[in-house]
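The lines below spell out each chain.
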Amino acid sequence: MEERQTSIAQLQSIFTETGFPYFIVPLEKVFSLPTSALIPGTSEADSSHSSYKLAVNQYTKENQTLREEKVVCGVSQLRIEDCSAQQTLALERLFSSLKTLTAKEEMLQMLRQHLILHVARENNFSKVMMGESCSRLAVKLLSNIAVGRGAALASDTGFCDLRFGDVVIVRPMRDYSSKEITFYSRIFRVPSVFIPGLDTKNHDKASIQSLTERFVTNLQADFPSTVSTIYRTSEKLQTTKTPQDQSAASDSKCLLCLCALDAKTNNASAFNATLISEQLSQRKLREAAVDSSRQCCVEDQTCVPGVCCSSNRNPAPTELNTFVCYSCGLMVRDMEEENSLPSYILTEAAKRQSRSLQKQQIMEFLLEDDD
Amino acid sequence: MAAPIGLHLEFGGGAELLFDGVKNHHITLPDRSDPWDMKQLLVWIRGNMLKERPELFLQGDTVRPGILVLINEADWELMGELEYQLQDKDNVASQGYGQEQGLIKRVTLSSQCPDGIPREIVD
């Protein structure tokens, strides 16, 4: 806890020097996110060129006045004491229920993204810039393919991520390798804070991500064109816009990562074969799991009220998989207790499940578009 | 016949975790008949300073890929890498720049909010 406080103090001193407003949000806040974090918003109409110029002019004027008055911009800051010990425990429980480090890193990535999205929406930001360098994106590209997120590559590693509708995520640093950035920071004495992550000081083969990173870094040492080749390849990736995507039906998007659902394939696919073999081998385990989930409301005191105790039961473990894409499904399947997921995910999943049940019931009365 | 050499060592970007979190070290290399070079310095660091997990800093004879070494603020590749002869009052800095030891862990900025003033979020 003290390390956290010292890092926060260091970060704060760096931020106040820049003069921009800053937000320090603890990861525990993930447990108080609303379900809107999972729903893509509608974007405003594209502004024309003239209004961009006006906006820039206005900004430079305001900046000058700000500098003259030397006003510190309104700094809003969530203090670390705001997150309760219960939320910290819930977070620890969530991460300890994931067995592999790969899944933990994926989960961390996803939770961070939702949190950033939520803070951006709360403060009406239309764009978010992430600081991923070329090298980091190259590693991310390869490790995403390895964990099964190949379908979302264009959004995860491209310059512009349009999945979330109203908030656009851009990556301006993707042209610079980490070596260049290191040199720059060193020469221009950019203050930085190093915070140990999940995979710091871990064995190289502890997770898919660290293995990929080690591979790329070692290859880069002998063949300096590795990272830039991977980067050029990723530049050519684009998401295809099928008519289905443009209808903005949230049912066709993954619950967790908001990319197109790729796990709904026809019965003759290889993916379906793996599903069937998994179901056959787990049939006995599933009956035991359903019994234990019924008892969860009574025994488990950290259940969020309103989720377990409502008439909508939590979806059984296998049903959550129908709303997520392949790689998120792998991560969810890796969890021992699905109930340790934050409540906003569980409520959204329950809502989608009831919606799909309703749709099944009225299926014969619905008119399809091609009728 | 080399006199004892005083060096200033710096570790950053996560490399300091292997040295008890201490970023700056002043060391004095003892007297030796041959002049000190980087190779021997690395061996000396391994023997005397590295508290844990030597394989995260060194790989064989040289440093692990993902660690940048600067001698007097210049890339050591320009100075001859392992063959560079150390001189008194040299400044040797090792910066980790691999992903898990990233300098800029996560910097998030946002712009073009309705009133036109860019704001910054970092977590």
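Residues numbered from 1 in each chain as written. Chains lettered and ligands numbered in written order. Predicted model: local features only at pLDDT ≥ 70, side-chain atom pairs only at ≥ 80, totals over all residues. Heavy atoms only, no water.

- Going by the annotation in an unreviewed UniProt entry, the name recorded for chain B is Ubiquitin-related modifier 1, with Danionella cerebrum given as the source organism.
- Comment text from UniProt for chain B, heading Pathway (unreviewed entry), reads "tRNA modification; 5-methoxycarbonylmethyl-2-thiouridine-tRNA biosynthesis."
- Per UniProt, chain B carries the Subcellular location (unreviewed entry) text "Cytoplasm". (UniProt positions renumbered as here; feature names shortened; annotations may be inferred.)

- Under the annotation held in an unreviewed UniProt entry, chain A carries the name Cytoplasmic tRNA 2-thiolation protein 2 and is attributed to Danionella cerebrum.

1. Let's talk about the overall build of chain B
Consideration 1: Along its length, chain B carries two helices and nine strands.
Consideration 2: If you list the helices and strands of chain B from N to C, you get β-β-α-β-β-β-β-α-β-β-β.
Consideration 3: The burial tally for chain B puts 55% of its 123 residues in the buried class.
Consideration 4: Counting contacts in chain B only where the partners sit at least 6 residues apart, residues at least 24 apart contribute 53% of the total.
Consideration 5: Surface summary for chain B: the accessible area is close to 5500 Å², and the carbon and sulfur share equals 52%. (Helix = DSSP H or I, 4+ residues; strand = E, 2+ residues; numbered from the N terminus. Buried < 20%, exposed > 50% of the residue type's maximum accessible area, 1.4 Å probe, protein only. Contact = heavy atoms within 4.5 Å. Areas by Shrake-Rupley, 256 points an atom, 1.4 Å probe, with all protein chains shown as cover.)

2. Digging into the packing of helix α8 (residues 208–222) of chain A against helix α9 (residues 226–235) of chain A
Residues and elements named next belong to chain A.
Consideration 1: Contact pair α8 / α9: the axes reach a minimum separation of 8 Å and the direction vectors enclose 120°. As the angle between them shows, α8 and α9 are arranged oblique. Touching V216, L219 and Q220 of α8 are T226, V227 and I230, all from α9.
Consideration 2: Counted by class, the contact of α8 with α9 contains four nonpolar, two polar and no charged residues. (Axes fitted to C-alpha atoms, helices over the stretch in contact; angles between N-to-C directions. Parallel < 35°, antiparallel > 145°, perpendicular 65-115°, else oblique. Nonpolar A, V, L, I, M, F, W, Y, C, P; charged D, E, K, R; others polar.)

3. Focus on the nonpolar core
Consideration 1: With 49 residues, the main nonpolar core has M107, L111, C254 and L256 of chain A as its most contacted residues.
Consideration 2: At 10 residues, helix α4 (residues 101–122) of chain A tops the list of elements feeding residues into this core.
Consideration 3: With near-sequence residues (within four places) excluded, L111 of chain A lies in contact with L27, V30, L94, F95, P342 and Y344 of chain A.
Consideration 4: I5, L18, W36 and L82 of chain B belong to the second-largest nonpolar core, a separate cluster that totals 29 residues. (Core = buried A, V, L, I, M, F, W, Y, C linked by side-chain atoms within 4.5 Å.)

4. Considerations on unusual backbone geometry
Consideration 1: The residue R189 of chain A is not glycine, and still its phi comes out positive at about 50°.
Consideration 2: Of note, R189 of chain A is situated in the loop between α7 (178–187) and α8.
Consideration 3: At K89 of chain B, a position not held by glycine, the phi torsion is positive, near 65°.
Consideration 4: Looking at the secondary structure, you find K89 of chain B in the loop between α2 (76–79) and β7 (90–96).

5. What about the pattern of salt bridges?
As a working rule, side chains carrying opposite charge can pair if their charged atoms are close by.
Residue and element names in this part refer to chain A.
Consideration 1: Considering all chains together, one arrives at 14 salt bridges over all chains under this definition.
Consideration 2: Across the pair E28 and R4 runs a salt bridge, and its minimum N-O distance is 2.9 Å. One end of the pair, E28, is in the loop between α1 (2–18) and α2 (49–69); the other, R4, is in helix α1, with 24 residues separating them in the sequence.
Consideration 3: On the accessibility criterion, E28 (1% relative accessible area) is buried. (Salt bridge = Lys/Arg side-chain N within 4 Å of Asp/Glu carboxyl O.)

6. Quick look at the side chain of Q209 of chain A
All names here are of chain A.
Consideration 1: Its location among the elements puts Q209 in helix α8.
Consideration 2: Note on Q209: relative accessible area 12%, which makes it buried.
Consideration 3: Of the polar contacts made by the side chain of Q209, one reaches the side chain of E106; its length is 3.4 Å.
Consideration 4: Excluding anything up to four places from it in sequence, Q209 contacts T102, E105, E106, V139 and S143. (Polar contact = N/O pair within 3.5 Å; in protein donor to acceptor, adjacent residues only side chain to side chain.)

7. Observations regarding the packing of aromatic side chains
Residues and elements named next belong to chain B.
Consideration 1: Under the criterion given, the structure shown has five aromatic pairs over all chains.
Consideration 2: Here F11 and F57 contribute two aromatic rings whose centre-to-centre distance is 5.9 Å and whose plane-to-plane angle is 70°, an arrangement assigned as edge-to-face. One end of the pair, F11, is in strand β1 (residues 5–12); the other, F57, is in the loop between α1 (38–48) and β3 (58–59), with 46 residues separating them in the sequence.
Consideration 3: Classification of F11 by relative accessible area gives buried; the value is 4%.
Consideration 4: According to the relative accessible area criterion, F57 is buried, its value standing at 1%.
Consideration 5: Members of the aromatic cluster, connected to one another through ring pairs, are F11, F19 and F57. (Phe/Tyr/Trp six-rings, centres within 6.5 Å; stacked < 30°, edge-to-face > 60°.)

8. As for helix α15 (residues 343–361) of chain A
Consideration 1: Relative to the 27 Å expected for 19 residues at 1.5 Å per residue, α15 of chain A spans 27 Å between its end C-alpha atoms, a close match to the ideal helical length.
Consideration 2: Within α15 of chain A the residues assigned to the buried category are S343, Y344, I345, L346, E348, A349, A350, R352 and Q353 of chain A. (Expected span 1.5 Å × (residues − 1).)

9. Describing the confidence of the model for chain B
All names here are of chain B.
Consideration 1: When pLDDT is averaged along chain B, the result is 73; 77% of the residues meet or exceed 70.
Consideration 2: Note on residues 99–123: pLDDT is under 50 here. Beyond four places in sequence and across chains, it has 97 contacts.
Consideration 3: This complex was scored by the predictor with a pTM of 0.75 and an ipTM of 0.73. (pLDDT = per-residue confidence, 0-100.)

10. Quick notes on the sheet that holds strand β6 (residues 74–75) of chain B
All names here are of chain B.
Consideration 1: The strand order across the open sheet built from five strands is β2-β1-β7-β5-β6, with neighbouring strands paired in mixed fashion. The strands lining the two open edges of the sheet, one partner per strand, are β2 (24–29) and β6.
Consideration 2: In the sheet, strand β5 (residues 67–71) pairs with β6 via two bridges, with the strands oriented antiparallel. Across the sheet, the residue bridging to L70 is D75, located in β6.
Consideration 3: Docked against the sheet, α1 engages β1, β2, β5 and β7, running at close to 110° with respect to β2. (Pairing = 2+ DSSP bridges.)

11. What about a nonpolar patch on the surface?
Residues and elements named next belong to chain A.
Consideration 1: On the surface, a nonpolar cluster with roughly 420 Å² of combined accessible area is contributed by Y184, I187, F188 and V190.
Consideration 2: Its place among the elements puts V190 in the loop between α7 and α8.
Consideration 3: The class of V190 is partly exposed, set by a relative accessible area of 39%. (Patch = residues over 30% accessible without salt bridge, like charges linked within 9 Å, V, L, I, M, F, W, Y side chains within 5 Å.)

12. A look at the environment of H118 of chain A
All names here are of chain A.
Consideration 1: Looking at where H118 falls in the secondary structure, it is placed in helix α4.
Consideration 2: In this structure the C-alpha to C-alpha distance between H118 and F164, which are 46 residues apart in sequence, comes to 11 Å.
Consideration 3: With residues near it in sequence (within four places) discarded, H118 still touches L33 and P34.

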